[in-house]
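Given next are the chains, with one letter for each unit.
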Amino acid sequence: MNELRKVIYNCRKATYLIDKRLIGSITFRETVELRIHLIGCKVCGIYMKQSKMINQMIRQLLKSEKPQEIQLDEGFKEALQAQITAEINKN
Amino acid sequence: MDELTKPPAGQTLDPKNWVTAYADYLYRYAISQVNDEDQARDLVQETFLAGLQSQHNFAGKSSERTWLTAILKNKIYDVYRKKANGLKTEEMSNSIGEEPDFFHEDGHWKKEDAPQQFGVDDFDPLARKELNKALKNCLQKLPALWLSVFTMKHMEDEATDSICTELRLTQANFWVIIHRAKLNLRACLQRNWM
């Protein structure tokens, strides 16, 4: 009961569980505790929504292919090509 | 797409065409992960050279591009690891850093730090774009180790175990970092958005 109390009245712990649950897993007991906390705590409800949104945005940010305009300059590529050709011919 | 037109297991390496075929692709990949043009160039170069050295490891099971991308990814992890290690000796007394002070002793939100609705409509592309820009800025403000952990986890759904091994973290520290990074990111967004 004491442990349960702690989460039910503790936003610090609740937000930790929210973040962990979004990309990992929490125990059944923690799930129940979190659910009870969220019933009474609107602020952590907002946190959960925003935490989820941030994850989505970060994924998009990282996965989005950069526009084709982003390219290495020709000089660098030529130098690189020369380096590789030299390496190949060494063997 | 290409898999169908090529005979199975017929993949071979053709290093003399790497620059033409993959340099720009790998550069774009690198830049999306490290956000630094000079470093991204170096990474592309290192990837090709490492590829040349380890041609004998190519089993022909994946495409040339996939194989080179895997090498690049490992190089990117090295960058993260170096950043993470440099950090420990610098300003931080321990690897997980300071607890953001958004809560009172009893665990309740401090009034001024409590989350508020952003009021961003999912269907408002302009607002989403602005919010994305704010998020990018906020990401740059995170301590290097936190950013590395965060990026690795979200980049390719990397398993938590392997991130912990790569960055020499305990599972417990990993989750504390994820949580603190998120608390700070969200707070930063709120400050810049509202």
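Criteria and cut-off values
Residues numbered from 1 in each chain as written. Chains lettered and ligands numbered in written order. Predicted model: local features only at pLDDT ≥ 70, side-chain atom pairs only at ≥ 80, totals over all residues. Heavy atoms only, no water. Helix = DSSP H or I, 4+ residues; strand = E, 2+ residues; numbered from the N terminus. Buried < 20%, exposed > 50% of the residue type's maximum accessible area, 1.4 Å probe, protein only. Contact = heavy atoms within 4.5 Å. Buried area = accessible area lost by both parts, 1.4 Å probe. Salt bridge = Lys/Arg side-chain N within 4 Å of Asp/Glu carboxyl O. Polar contact = N/O pair within 3.5 Å; in protein donor to acceptor, adjacent residues only side chain to side chain. Nonpolar A, V, L, I, M, F, W, Y, C, P; charged D, E, K, R; others polar. Phe/Tyr/Trp six-rings, centres within 6.5 Å; stacked < 30°, edge-to-face > 60°. Lys NZ or Arg CZ within 6 Å of the ring centre and 35° of its normal. Expected span 1.5 Å × (residues − 1).

Chemist: Which residues make up the overall build of chain B, and what values go with them?
Modeler: For chain B, the helix and strand inventory stands at eight helices and zero strands. Helices (α) and strands (β) of chain B occur, in sequence order from the N terminus, as α-α-α-α-α-α-α-α. The buried share of chain B, reckoned over its 194 residues, is 49%. Within chain B, contacts between residues separated by at least 24 positions form 69% of all contacts whose residues are at least 6 apart in sequence.

Chemist: With reference to specific residues and values, describe the interface of chain A and chain B.
Modeler: Every contact between the two is made by 43 residues of chain A and, on the other side, 52 residues of chain B. Of the roughly 4800 Å² buried where chain A meets chain B, counting both sides, 64% is carbon and sulfur surface. For chain A, the biggest contributors to the area lost against chain B are Arg12, Met57 and Leu62 of chain A; these three give 14% of the whole. With a shortest N-O distance of 3.6 Å, lysine 182 of chain B and aspartate 19 of chain A are connected by a salt bridge. The tally of links from chain A across to chain B stands at 17 residue pairs in polar contact (both at pLDDT 80 or more). Elements with a minimum of two residues in the side of chain A that touches chain B: α2 (11–23), α4 (42–63) and α5 (74–90) of chain A. A per-element tally of the side of chain A that touches chain B places α4 of chain A first, with 16 residues. Here the residues of the side of chain A that touches chain B are counted per class, giving 22 nonpolar, ten polar and eleven charged.

Chemist: Talk me through the side chain of serine 51 of chain A; I want residue IDs and the actual numbers.
Modeler: Along the chain, serine 51 of chain A turns up in helix α4. Take serine 51 of chain A: its relative accessible area is 0%, and that puts it in the buried class. Each residue touching serine 51 of chain A, except ones within four places of it in the same chain, is listed here: Ile18, Asp19 and Leu22 of chain A together with Lys182 of chain B.

Chemist: Could you give an account of the packing of aromatic side chains, naming the residues involved and the relevant values?
Modeler: All names here are of chain B. Under the defined criterion, the tally for this structure stands at seven aromatic pairs over all chains. For the pair tryptophan 18 and phenylalanine 48, a centre-to-centre distance of 5.8 Å together with 25° between the ring planes defines the contact as stacked. Residue tryptophan 18 is found in helix α2 (residues 18–34), and its partner phenylalanine 48 is found in helix α3 (residues 37–53); the two are separated by 30 residues along the sequence. Neither tryptophan 18 nor phenylalanine 48 differs from the other in exposure class; each is buried. Positioned above the aromatic ring of tyrosine 25, the side-chain terminus of arginine 65 is 3.9 Å from the ring centre.

Chemist: I'd like a rundown of α5 of chain A, residues and numbers included.
Modeler: For α5 of chain A, built from 17 residues, the straight-helix expectation of 24 Å at 1.5 Å per residue is met to within 8% by its first-to-last C-alpha distance of 24 Å. Buried-residue contacts for α5 of chain A involve α2 and α3 of chain B.

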